[in-house]
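Spelled out from the first residue to the last, the chains are:
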Amino acid sequence: MPEPTERPVIGLSSATTNQPNSSDEFHFWLAPEVIVNPFDIVEAEQVAPGGEKSRTFGIVTTLEHTTDAPSHLSNYISNDFGQVSTEPNTLRQGTTIARVAVLSNDQDIYMPVMNDRPVRFADESGIHVALGIDQVPERYRVPAGLIRMSNGTQAVVYLDSRYILGPEGAHVNISGISGLATKTSYAIFLIQSILQKVENRDRIGVIILNVKHGDLLSIDQPPPKGLEPEQHELWERLGLIPKPFSNVRYLLPYGKDTPTTGRPNSFRLPERNWFLYAYSLQDTYNKLDLLLSNIPDPWDTVGALIGEITQGLSDPRTGQWGPSGKWKGVQDWQTLLNGEPLVKDGQAQPVGDVRAQSVARFRRLLRRIVQTRQTGIFIPQRPRHVKNLSEEIAKIRGGETIVVDIARLADDEQTLVFGDILRTIYNLYAEEGSEREDLPEKVIIFVDELNKYAPARERESPILEQVLDIAERGRSLGVVLFGAEQFMSAVHERVAGNSATLVLGRSGSAELSSSVYRFLDPAIKANISRLQKGELILSHATFRQPVKISFPKPAYLQEGAT
């Protein structure tokens, strides 16, 4: 490939006794007045068969200024023993040295870059070669952000959809300091990019959990004043249309005031197409393990009792709701907690192999969750206009986005809802999906605060087991998890480890010292702690090194906008 000569040389490669170039990195000194920053992508001339030239691309990781002074004391002495206002007696010769991590070579030659080879800023096509994007067919390219370099060069970064949605890989994990990393904004942008660019996008369903306030309860509404011109330009530069989501259905939780006001327990009310959901005992009897996931159960007594209750409230012929025998009188939360067979004459009773004192403990735990501390989502009987969440999720269609609001729910309630969604989708694809002709080919599930459901070094629990199943098997099933959290070290390592794409926002040095970031160069870690709002580090399965990107603001109505 001929070298484009119109781009100026910004320095020459340099190899020394103490800092040799290798197949993984090289160094170059900068010409005077040239500005280079970490994450800039450069190219160096490299040898090729037949005396031709190839190009080795790399990403700048660190910059150091060095002089001929043997020590800092020499510089102090040369300035008339510390006189800051006088000319130095000895003018030092110095230069800035850039260290570059090798990304690729356009002819697959990974010989070390020789000394004194010209180095230039890469152009957009060169950046695509460096990242391997040129090898990704157009139909698999998903715009993920924009690289902006020190010389003004810009390049669109594309992800390979085969490593986001499968079959080669799947899942996206986003981490960073709350408020500075814009994790939710990026996740929603990436989903929008997928829905605009991926083939068969009308066969993709999306489920979004609204975890904080009400920002995601109006994703089908445009911002009242539109986007700023520079944001429009950024969307268009990425080849995308800045627009809100279409075909959105909102599922909002039933609240304590809902019977009188008719309003859900939500921070804001969507303009249209919203429905209430709640949990009666009939909706929950076979999901009590999810509801009690956060309860320590070292001897499996709670699990054993849950098994007895589920079996007792199930019709043995259909497996559906159908209390019979000694469980026939159990019809709602009240009769479960205070009636037979758990209670008789005001005293807890043994059930199966579970002793009475364990039944008493179970009743205390369940009463606290569904009666004492509940937000209103647990009701005796579900009115006809109030939806069963699992049934609504199972109706998902291709091209549809379902937003499930859990922002104002208690932690145990949030765990139940998230686990209910995962279990429903997992079962839909793993067991029942073949019977539905209109089942989406892929389903993307996005949730913030993923560490609450799949914490690191945590005991096994039903909700963790469900998350891990999707992280490890979802790629083959067509179920994709987009997770976000403040600290990736707080998430189970098998969840992050199975994510083909990692996105890092600004993080503290203490967090970056965790072993989960060992794939990052130490110099890149230092730069992550200096990222600005809206800047992210993107690590993708096909990239040899992470890159820094920026992305546009969301094109939907956000909370507080007027």
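Structure's up top.
In short, a report on the structure. (Residues numbered from 1 in each chain as written. Predicted model: local features only at pLDDT ≥ 70, side-chain atom pairs only at ≥ 80, totals over all residues. Heavy atoms only, no water.)

Take the overall build of the protein next. Scanning the protein from N- to C-terminus turns up 16 helices and 20 strands. Counting all 562 residues of the protein, 53% fall into the buried class. A total accessible area of about 25300 Å² is found for the protein, and carbon and sulfur atoms account for 47% of it. Distance from the positive charge centre (59 side chains) to the negative charge centre (69 side chains) of the protein: 6 Å. (Helix = DSSP H or I, 4+ residues; strand = E, 2+ residues; numbered from the N terminus. Buried < 20%, exposed > 50% of the residue type's maximum accessible area, 1.4 Å probe, protein only. Areas by Shrake-Rupley, 256 points an atom, 1.4 Å probe, with all protein chains shown as cover. Lys, Arg positive; Asp, Glu negative; His and termini not counted. Charge placed at Lys NZ, Arg CZ, Asp CG, Glu CD.)

Attention shifts here to the side chain of T424. Among the secondary structure elements, T424 is positioned in helix α12 (residues 411-432). A distance of 2.9 Å separates a polar atom in the side chain of T424 from a polar atom in the side chain of S390. Excluding anything up to four places from it in sequence, T424 contacts S390, I393 and A394. (Polar contact = N/O pair within 3.5 Å; in protein donor to acceptor, adjacent residues only side chain to side chain. Contact = heavy atoms within 4.5 Å.)

On to the nonpolar core. Ranked by internal contacts, the top residues of the largest apolar core, which has 89 residues, are I41, Y186, I194, F482 and L538. If you tally residues by element for this core, the top one is helix α3 (residues 183-197), at eight residues. Setting aside anything within four residues of it in sequence, one finds Y186 in contact with A144, I174, V503, L536, L538, I549 and F551. Ranked by size, the runner-up nonpolar core spans 71 residues in total, among them Y279, I306, V354 and L468. (Core = buried A, V, L, I, M, F, W, Y, C linked by side-chain atoms within 4.5 Å.)

Structurally, the position occupied by V330 is in the loop between α8 (301-312) and α9 (333-338). Sequence separation between V330 and K287 is 43 residues; the distance between their C-alpha atoms is 16 Å. Once residues lying within four places of it in the same chain are set aside, the contact partners of V330 are L281, L313, W321, P323, T335, L336, E340 and P341.

Pairing in this closed barrel of six strands is antiparallel, and the strands run β1-β2-β5-β4-β3-β6 around the ring. Put simply, the sheet's adjacent strands are angled 45° from each other on average, direction ignored. Sheet topology places strand β2 (residues 25-30) next to strand β5 (residues 94-105); five bridges connect them, and they run antiparallel. For E25, the partnering residue across the bridge sits in β5 and is A101. Here helix α2 (residues 124-131) sits on the sheet and contacts β3 (41-47), β4 (53-67) and β5; the angle it forms with β5, its principal contact strand, is near 60°. (Pairing = 2+ DSSP bridges. Axes fitted to C-alpha atoms, helices over the stretch in contact; angles between N-to-C directions.)

Before going further, it helps to spend a moment on the environment of V157. Here V157 lies in strand β8 (residues 154-160). Sequence spacing of V157 and R408 is 251 residues, and the spatial spacing of their C-alpha atoms is 37 Å. When sequence neighbours within four positions are dropped, the list of residues in contact with V157 reads I133, V142, P143, A144, G145, I147, L538, F543 and I549.

The next point concerns the pattern of salt bridges. In a structure, side chains of opposite charge can pair up when their charged atoms sit close to one another. If you walk through the whole model with that rule in mind, you get 28 salt bridges. The partner of D160 in a salt bridge is R162, with the nearest N and O atoms 2.8 Å apart. In this structure, E392 and K395 form a salt bridge, with 3.0 Å as the shortest nitrogen-oxygen distance. In this structure E392 comes out as buried when scored by relative accessible area, which is 6%. (Salt bridge = Lys/Arg side-chain N within 4 Å of Asp/Glu carboxyl O.)

This brings us to α2. Within α2, six of the eight residues are buried, leaving the element largely enclosed by the surrounding structure. Considered for burial, the residues of α2 that qualify are G126, I127, H128, V129, A130 and L131. Each element contacted by the buried residues of α2 is listed here: β3, β4, β5, β7 (141-148), β8 and β20 (547-550). A positive phi of about 80° marks G132, the residue just after α2.

As a general feature of sheets, a regular strand has side chains that alternate between the two faces. A large share of strand β10 (residues 204-210) lies buried, amounting to seven of its seven residues. Residue alternation in β10 divides its side chains into two sets, I204, V206, I208 and N210 and G205, I207 and L209, and both sets are buried. Here β10 pairs with strand β16 (residues 442-447) via five bridges, running parallel. Counterpart to I204 in the pairing with β16 is K442. Bridge count between β10 and strand β15 (residues 401-405): five bridges; the pairing is parallel. Of the residues in β15, the one forming a bridge with V206 is T401.

We now examine the packing of aromatic side chains. Throughout the structure, instances matching the rule amount to nine aromatic pairs. Taking 5.8 Å as the distance between ring centres and 45° as the angle between the ring planes, the aromatic pair formed by Y186 and F189 counts as tilted. Of the two residues, Y186 and F189 are both situated in helix α3; the distance of three residues between them amounts to about one turn of the helix. By the burial criterion, Y186 is buried, and F189 matches it. Ring centres 5.5 Å apart and planes at 80° place the aromatic pair W333 and F378 in the edge-to-face group. Linking W333 in helix α9 with F378 in the loop between α10 (356-372) and α11 (389-394), this pair joins segments that are 45 residues apart in sequence. An aromatic cluster of at least three residues, connected via ring pairs, comprises Y186, F189, W235 and F551. A cation sits over an aromatic face here: R408 above F267, 4.9 Å from the ring centre. (Phe/Tyr/Trp six-rings, centres within 6.5 Å; stacked < 30°, edge-to-face > 60°. Lys NZ or Arg CZ within 6 Å of the ring centre and 35° of its normal.)

Turning to the environment of V36, a few remarks are in order. Its place among the elements puts V36 in the loop between β2 and β3. Once the C-alpha coordinates of V36 and L288 are considered, the two residues, 252 residues apart in sequence, prove to be 57 Å apart. If we ignore the near neighbours within four places in the chain, the residues touching V36 are I10, L30, V60, L63, F121 and S150.

What follows is about unusual backbone geometry. Most peptide bonds adopt trans geometry, and most residues besides glycine take a negative phi value. Here G166 and P167 are connected by a cis peptide whose omega angle stands at 10°. By secondary structure assignment, the location of P167 is in the loop between β8 and β9 (172-175). Omega for the bond connecting E340 with P341 falls within 30 degrees of zero, at 10°, which places this linkage in the cis form. Within the element layout of this structure, P341 appears in the loop between α9 and β13 (343-344).

A few words now on α3. At 3.6 residues per turn, the α-helix brings residues three or four places apart onto the same side. If you check α3, its first and last C-alpha atoms are 21 Å apart, about what 15 residues at 1.5 Å a residue would give, namely 21 Å. Counting buried positions along α3 gives 13 out of 15 residues, so the element sits mostly inside the fold. (Expected span 1.5 Å × (residues − 1).)

Another point: the pairing of strand β1 (residues 11-14). With two bridges joining them, β1 and strand β6 (residues 118-121) adopt antiparallel strand pairing. Bridge pairing in β6 places L12 opposite P118. In the sheet, β1 pairs with β2 via four bridges, with the strands oriented antiparallel. Counted as the bridge partner of G11 is L30 from β2.

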